[in-house]
Amino acid sequence: MIILAACWFAHVVISALMSSPWWVPNVTLVGWVMAIGRAPNSWGLCSLMAAMAALLWLIRWTHPIVIGYLALGWMLSLLARRWDLTDERVFILIVAATSTAATLGLLWLEELRSWPVLGLALAQILVTTMSAVVIRRLVRWAPRD
Amino acid sequence: MQASPRRSLIYALLVSAALAFSEPLRRTSLFILRTPFLVTKTAVQAVLLLPQLPHLARENASLKTALMQRDVELAQHRETIRHLQQGKALQEAAGTARGLIARVIGRSTIPTQHVLLLDKGSRDGLSLDSVVVDAEGVVGRVRAVQAGTALVMLVTDPESRIAGLIERSREAGLVVGQGRGRCDFIYLDLHADLQEGDRVMTAGLGGAFPKGLPIGKVVRVLRDEQAGVASAQLEPAAHLGRAEEVFCLLSGGSS
């Protein structure tokens, strides 16, 4: 939970510094995946925390996005029980997949269909995955929840 | 052989005349004569100053600290002046409209919903659909308001819709956000008079946005002959990515 809260705080700070939200890595998502990977049984609470963090900025589609967070969180808990999410390669793969699902889901919800937006979405998925590598190395020294 | 007194007198007069009438020679000779006195005086001063060195060092450190403090205060005053000038620029941009200045304290972490978080809310007079501008143009409108904060939907948000018209040719259309830092100006006639560089202003239709506020500049014109319509891509006039302070018009109401 501490990791998720710290990642959310870092996400807010980075968003305030960058002019375009597409180039901001979704650090909250990385912390969310990490939190569920370490404690799969608390997927509900982690997903709710991540959804609450997003709720601060939502002006539409509130319920679908919250439901989406819970659904993704449940799937992550199933994966965490089958695979070891603390393994670096598995973790990065799961972050990339979750980020892709979340970002493309947002595009579908908002009915944004253009090549430039798709390119920006892919850029965001890429920077999120790269940030997962950095955060994974940083958290190695943090105590478990 | 000793020189005669007359010869010595003549030599002395010649040297005196040279010193009196030759400026460089006089300066050089005076410098040479004064140097020993200067050296002696400096040495005496140095000896007298030795006991005062510790006190001088402390005073120097104290003056350096005071100077640094003044530098910090000066930087803060400069920031205050910039803030006041920005506020003046915002108020001038809004004309005679009643409003208040708000600070941007956060940006959306959701890339498909372009919003800013302001430090003013309903207790300051903000309401839904209050128009927000900066010194350059329209920023957006308030979409959610609490007691002390408000969420502003930017003009680049996919749900943003503003009636606009070209400043030069008065062609009217609709400005819609594209979710990627740009807007589109749509519902134009195929042969509408518009070109790159044209400024798009608010048309004042719908009641939310007052007429005449800059929205953006045309960067690309697209004409679809099959559909019989034209459209344009706009670059927003406001500094959406660098907004720190904005002006909120208090005359906005729900649409």
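This text goes with the structure placed above it.
Quick notes on the rules
Residues numbered from 1 in each chain as written. Chains lettered and ligands numbered in written order. Predicted model: local features only at pLDDT ≥ 70, side-chain atom pairs only at ≥ 80, totals over all residues. Heavy atoms only, no water. Salt bridge = Lys/Arg side-chain N within 4 Å of Asp/Glu carboxyl O. Helix = DSSP H or I, 4+ residues; strand = E, 2+ residues; numbered from the N terminus. Buried < 20%, exposed > 50% of the residue type's maximum accessible area, 1.4 Å probe, protein only. Pairing = 2+ DSSP bridges. Axes fitted to C-alpha atoms, helices over the stretch in contact; angles between N-to-C directions. Expected span 1.5 Å × (residues − 1). Arc of directions from axis to C-beta. Contact = heavy atoms within 4.5 Å. Disulfide = S-S within 2.5 Å. Buried area = accessible area lost by both parts, 1.4 Å probe. Polar contact = N/O pair within 3.5 Å; in protein donor to acceptor, adjacent residues only side chain to side chain. Nonpolar A, V, L, I, M, F, W, Y, C, P; charged D, E, K, R; others polar. Core = buried A, V, L, I, M, F, W, Y, C linked by side-chain atoms within 4.5 Å.

Caption draft 1: Spatial organisation of the pattern of salt bridges. For the coordinates displayed, the defined rule picks out 11 salt bridges over all chains. Put simply, arginine 60 of chain A and glutamate 110 of chain A hold a salt bridge, and the shortest N to O gap is 2.9 Å. Taken together, the positions of arginine 60 of chain A in the loop between helix H3 (43-55) and helix H4 (62-82) and glutamate 110 of chain A in helix H5 (residues 88-110) put the pair 50 residues apart, joining distant regions of the chain. Each member of the pair, arginine 60 of chain A together with glutamate 110 of chain A, is buried. Arginine 60 of chain A is the salt-bridge partner of aspartate 157 of chain B, the closest N and O atoms lying 2.8 Å from each other. Taken together, the residues aspartate 157 of chain B in the loop between strand S5 (150-154) and strand S6 (161-166) and arginine 60 of chain A in the loop between H3 and H4 connect one chain to another. Looking at aspartate 157 of chain B, the relative accessible area reads 0%, which means it is buried. Three or more residues are tied together by salt bridges with common partners; here these are Arg60 and Glu110 of chain A together with Asp157 of chain B.

Caption draft 2: Here's a closer look at the sheet that holds strand S3 (residues 131-133) of chain B. Residues and elements named next belong to chain B. Reading around the barrel, the 6 strands line up as S1-S2-S5-S4-S3-S12 and close back on themselves, with antiparallel pairing between neighbours. Recorded for the sheet is a direction-independent mean angle of 45° between the axes of neighbouring strands. With 4 bridges joining them, strand S2 (residues 115-118) and S5 adopt antiparallel strand pairing. Directly across from leucine 116, in S5, lies its bridge partner valine 152.

Caption draft 3: H3 of chain A, seen in detail. Residue and element names in this part refer to chain A. Helix length check: H3, at 13 residues, gives a terminal C-alpha distance of 18 Å against a target of 18 Å (1.5 Å per residue), a fit within 8%. For H3, the complete set of buried residues consists of Cys46, Ser47, Ala50, Ala51, Ala53 and Ala54. Each buried residue of H3 lies within a common arc of 155° when the element is viewed along its axis, so the set occupies one face. Residues of H3 that are exposed and point more than 90 degrees away from the buried face comprise Leu45 and Met52. Contacts made by the buried residues of H3 are with helix H1 (2-17), helix H2 (27-38) and H4.

Caption draft 4: Geometry of the state of the cysteines. Residue and element names in this part refer to chain A. A complete count under the given rule lists 0 disulfides over all chains for this structure. Between cysteine 7, a cysteine without a disulfide, and cysteine 46, which holds the nearest cysteine sulfur, the sulfur-to-sulfur distance is 11 Å. Here cysteine 7 falls in the buried class, since its relative accessible area comes to 7%.

Caption draft 5: Representation of the interface of chain B and chain A in the model. At the junction of the two partners, chain B supplies 21 residues and chain A supplies 24 residues. Between chain B and chain A lies a buried interface of about 2,100 Å² when both sides are counted; carbon and sulfur atoms form 68% of it. Three residues stand out in chain B for area buried against chain A, namely Thr109, Pro111 and Gln113 of chain B, and they jointly supply 30% of the buried area on that side. If you look at where chain B meets chain A, you find 1 salt bridge. Counting every contact that joins chain B to chain A gives 7 residue pairs in polar contact (both at pLDDT 80 or more). In the side of chain B that touches chain A, the residues fall into 7 nonpolar, 9 polar and 5 charged.

Caption draft 6: Spotlight on the nonpolar core. Core analysis: the largest hydrophobic core is formed by 42 residues, its most contacted members being Val139 and Val246 of chain B. If one sorts the elements of this core by residue count, strand S12 (residues 245-249) of chain B sits on top with 4 residues. In contact with valine 139 of chain B, not counting residues within four places along its chain, are Leu116, Val132, Val133, Asp134, Val152, Met153, Leu154, Val155, Ala238, Leu240 and Val246 of chain B. In terms of nonpolar packing, the next biggest core, distinct from the first, is built from 40 residues, Met34, Ile59, Leu76 and Ile94 of chain A among them.

Caption draft 7: Structural context of H5 of chain A. Residues and elements named next belong to chain A. With 23 residues, H5 ought to run about 33 Å at 1.5 Å a step, and its terminal C-alpha atoms sit 33 Å apart, in line with that. All of the buried residues in H5 are Phe91, Ile92, Ile94, Val95, Thr98, Ser99, Thr103, Leu106, Leu107, Leu109 and Glu110. At the N-terminal boundary of H5, the capping side chain belongs to aspartate 87, with an oxygen 3.2 Å from the backbone nitrogen of arginine 89. Looking one or two residues beyond H5, the residue adopting positive phi is glutamate 111, at roughly 55°.

Caption draft 8: Spotlight on the pairing of strand S4 (residues 138-145) of chain B. Residues and elements named next belong to chain B. The buried fraction of S4 amounts to 6 of the 8 residues, a majority that puts the element mostly inside the structure. Pairing analysis gives 3 bridges linking S3 to S4, with the strands arranged antiparallel. When the bridges of S4 are listed, valine 133 appears paired with valine 138. Connecting S3 to the antiparallel partner S4 that follows it, the hairpin turn spans 4 residues. Sheet topology places S4 next to S5; 5 bridges connect them, and they run antiparallel.

Caption draft 9: Quick peek at the sheet that holds strand S7 (residues 172-177) of chain B. Residue and element names in this part refer to chain B. The strand order S6-S7-S8-S11-S10-S9 describes a closed barrel built from 6 strands, whose pairing is antiparallel. Across the sheet, the mean angle separating the axes of adjacent strands is 40° when strand polarity is ignored. As paired strands, strand S9 (residues 199-202) and strand S10 (residues 214-224) are joined by 3 bridges and run antiparallel to one another. Along S10, the bridge assignment pairs valine 200 with glycine 216.

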